[in-house]
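Given next are the chains, with one letter for each unit.
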Amino acid sequence: MQLIISTPPTDELPENPLEEGAAEDTEQDELRQFKVDATQHGQRLDRALAACVDEFSRSYLQQRIEAGDVQLDGRVVTKAAAKVRQGQHLTITLRPTPQSRAFVPQDMPIETVYVDEHLRVIHKPAGLVVHPAPGNWQGTLLNGLLALDPAVIDLPRAGIVHRLDKDTSGLMVVARTRLAMDALVHMIAEREVSRQYLAIGHRRWPSDPEREVAVGIGRDPANRLRMAVVDLTRLPGKTARTTFHCLDQNDEACLVRCILHTGRTHQIRVHMAHIGHPLLGDALYGGQPLAGMHRQALHAWRLAFVHPFTGQELVWSVPMPQDMQQALVALGLRYNETDEAHLDDEAD
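So, how was this worked out
- Each chain carries its own residue numbering, running from 1 in the direction its sequence is written.
- This being a predicted model, a pLDDT of at least 70 is required before a residue's local features are given, and a value of 80 or more before pairs of side-chain atoms are given or counted; all residues contribute to the totals for chains, interfaces and linings.
- As a rule here, side-chain values cover all heavy atoms of the structure and leave hydrogens and water aside.
- Put simply, DSSP H or I for four residues or longer makes a helix, DSSP E for two residues or longer makes a strand, and each gets a number counted from the N terminus.
- Note on classification: 1.4 Å probe, protein chains only; a residue is buried when its accessible area is under 20% of the maximum for its type, exposed when over 50%, partly exposed between these limits.
- The contact criterion used is simple: two residues touch if any of their non-hydrogen atoms lie within 4.5 Å.
- Areas reported here follow the Shrake-Rupley algorithm with a probe of radius 1.4 Å; residue values treat only the protein chains shown as occluding.
- In protein, a polar contact means a hydrogen-donor-capable atom and an acceptor-capable atom, both N or O and within 3.5 Å, with residues adjacent in sequence counting only if both atoms are side-chain atoms; elsewhere, any N or O pair within 3.5 Å suffices.
- Side-chain rings of Phe, Tyr and Trp (the six-membered ring for Trp) are treated as a pair once their centres are within 6.5 Å; stacked means planes under 30 degrees apart, edge-to-face means over 60, and tilted covers the remaining angles.
- Both site types are read off a 1 Å grid over the protein atoms alone. A 1.4 Å probe that fits but cannot get out defines a cavity, while an open set with protein on both sides within 12 Å along at least five of seven lines defines a pocket; lining residues have an atom within 4 Å of a point.
- Grid points are joined across faces, edges and corners, and a volume is the space filled by probe spheres set on the points.
- Polar here means any residue outside two lists: the nonpolar Ala, Val, Leu, Ile, Met, Phe, Trp, Tyr, Cys and Pro, and the charged Asp, Glu, Lys and Arg; Gly therefore counts as polar.
- In this text, buried Ala, Val, Leu, Ile, Met, Phe, Trp, Tyr and Cys residues form a nonpolar core when linked through side-chain atoms within 4.5 Å.
- Whenever Lys or Arg places a side-chain nitrogen within 4 Å of a carboxyl oxygen from Asp or Glu, that contact is recorded as a salt bridge.
- Axis definition: a line fitted to C-alpha atoms, over the contacting stretch in the case of helices. Angles run 0 to 180 degrees between N-to-C directions.
- Here the word oblique covers every angle except those under 35 degrees (roughly parallel), over 145 (roughly antiparallel) and from 65 to 115 (roughly perpendicular).
- Crossing chirality is assigned from the near helix's rotation relative to the far helix, an anticlockwise turn below a right angle marking it left-handed and a clockwise turn marking it right-handed.

**Student:** Mind showing me how you'd approach the overall build of the protein here?
**Tutor:** A tally of regular secondary structure across the protein gives seven helices and 16 strands. Relative to its full complement of 348 residues, the protein shows a buried share of 45%. Summarising the internal contacts of the protein: among those between residues at least 6 apart in sequence, 65% fall at separations of at least 24. Counting every atom, the protein has about 17700 Å² of accessible surface; 48% of that belongs to carbon and sulfur.

**Student:** Would you mind showing me how to read the environment of Thr 39 here?
**Tutor:** Mapped onto the elements, Thr 39 comes out in the loop between strand E2 (30–35) and helix H1 (45–52). Polar contacts involving the side chain of Thr 39 include one to the side chain of Asp 37, which spans 2.6 Å.

**Student:** I tried to follow the packing of aromatic side chains on my own but got confused; where do I start?
**Tutor:** Between two aromatic rings, the relevant description is the distance of the centres plus the angle of the planes. Enumeration over the complete set of coordinates arrives at three aromatic pairs. Here the aromatic rings of Phe 305 and Trp 316 are separated by 5.4 Å at their centres, their planes lie at 50 degrees, and the arrangement is tilted. With Phe 305 in strand E15 (residues 298–306) and Trp 316 in strand E16 (residues 313–317), the pair connects residues that are 11 residues apart, well separated along the chain. Trp 316 carries the same exposure label as Phe 305, and that label is buried. Taken together, the ring pairs in this structure connect Tyr 114, Phe 305 and Trp 316 into an aromatic cluster.

**Student:** How do you make sense of the layout of surface pockets when you look at a structure like this?
**Tutor:** The gaps of empty space that remain are located by a probe, the size of a water molecule, rolled over the atoms. Here the largest pocket is characterised by a volume of approximately 1200 Å³. Arg 163, Leu 164, Asp 165, Thr 265 and His 266 are, among the 39 residues lining the largest pocket, the residues nearest its centre. When contributions to the lining of the largest pocket are tallied by element, the ones reaching two or more residues are helix H4 (178–189), strand E9 (194–202), strand E12 (223–229), strand E14 (253–260) and helix H5 (267–274). Looking at the lining of the largest pocket residue by residue, the classes come out as 17 nonpolar, 12 polar and 10 charged.

**Student:** Where do I start with the nonpolar core in this structure?
**Tutor:** As a rule of thumb, soluble globular proteins bury nonpolar side chains together. One finds Phe 244 and Phe 305 to be the most contacted residues of the largest nonpolar core, which totals 48 residues. Excluding residues within four positions of it along the chain, Phe 305 makes contact with Leu 119, Val 173, Leu 184, Met 187, Glu 192, Val 193, Gln 312, Glu 313, Leu 314 and Trp 316.

**Student:** Would you mind going over empty space enclosed by the protein with me for this structure?
**Tutor:** Applying the stated rule across the entire model yields one cavity of 30 Å³ or more. Taken as a whole, the largest cavity holds about 30 Å³ of empty space. Lining the largest cavity are Leu 171, Arg 195, Gln 196, Tyr 197, Ala 300, Arg 302 and Leu 303. Those elements giving two or more residues to the lining of the largest cavity turn out to be E9 and E15. By residue class, the composition of the lining of the largest cavity is four nonpolar, one polar and two charged.

**Student:** What exactly am I supposed to notice about the pattern of salt bridges here?
**Tutor:** Side chains bearing opposite charge may pair, as long as their charged atoms lie close to each other. What the rule picks out here adds up to 16 salt bridges. We note a salt bridge from Arg 226 to Asp 220, for which the minimum N-O separation is 3.0 Å. Because the salt bridges share partners, they merge into one network encompassing Asp 29, Arg 64, Asp 69 and Arg 95.

**Student:** How should I be thinking about the packing of H1 against helix H2 (residues 58–66) in this particular structure?
**Tutor:** Pairs of packed helices are described in terms of their axes, by the angle between the two and the distance that separates them. At a minimum axis separation of 9 Å, H1 and H2 run at an interaxial angle of 120 degrees. Viewed along their axes, H1 and H2 adopt a mutual orientation that is oblique. The handedness of the crossing between H1 and H2 comes out as right-handed. Residues Leu 45, Asp 46, Arg 47, Leu 49 and Ala 50 of H1 form the contact with H2, whose own contacting residues are Arg 58, Leu 61, Gln 62 and Ile 65. Split by residue class, the contact of H1 with H2 holds five nonpolar, one polar and three charged.

**Student:** In this structure, what is going on with helix H3 (residues 141–148)? I would like to understand it.
**Tutor:** For an α-helix, the turn length of 3.6 residues means that residues three or four places apart are oriented alike. Burial of H3 is extensive: six of the eight residues sit out of reach of the surface. Of the residues making up H3, those classed as buried are Leu 141, Leu 142, Asn 143, Gly 144, Leu 145 and Leu 146. Contacts made by the buried residues of H3 are with strand E7 (119–124) and strand E8 (169–175).

Structure follows, in structure tokens:
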């Protein structure tokens, strides 16, 4: 096909503002024109377009077709399965996508617990999405890191090497160089990074305060939006192991320390639900709002590893957030500001 590229004047572009508070959109629509040749004759419209603009996915091109951004001989065509004929003039308007606008710096408060030339440790609040995804293309931790630290601009995912769920608070480590990113990814894969959580679950804990759960986790075959304990001999998934230690309890709830030995999606939430103690506020896994908790009662309170370049043993801990502390008081469970220090000594 013969290709002609043109960009419409700025004053002819449709208004396409970003969400309030986002960075200004400087991307422009791009108009591309082709002439269908003999090799394209009789092909589906989306397939013909994919051969012409191969830097875009076929699903994106189908979206442009359905949105009315594709014309054949000046006539809008909205069916991806429409056939093209030799000699036809094909025009497509390529528009910025939410994905293309996702990786932009956005100023936001990010609490830094530790930083050096290689890495940064942050305290993520509940409610903050870590990485752009459908429904949250902006306003994420990644956007905040891009604004906070120029060193991460050229790193994949702005140096993010692991995640916390949106409504989970606590500690995360972020790389500041590519060497540090590779080292941290390797350390996490080799289980050389210690991650401990505090959780509030429903109901009284059994008599033995410590319990290890080692059951596989995969997509719930009945609901693809959640994870579930699965039989790995019959269903896809991965091994997962968590150690739980009950710190206090009553008939309504239990305060539990959780030690991750693997890092599967929603691992603590799934394992706690599996043993009959879904987290307070975790509606996805059977938890109910209780004592003011309307998000999952989970906090990544302790992070520890050996620095990949200095060899120094590093340990950080952050107090349980206010909403979880208030929930414990309302439930009559024991908690005070020295608990984390005691747990820290016990963990070491």
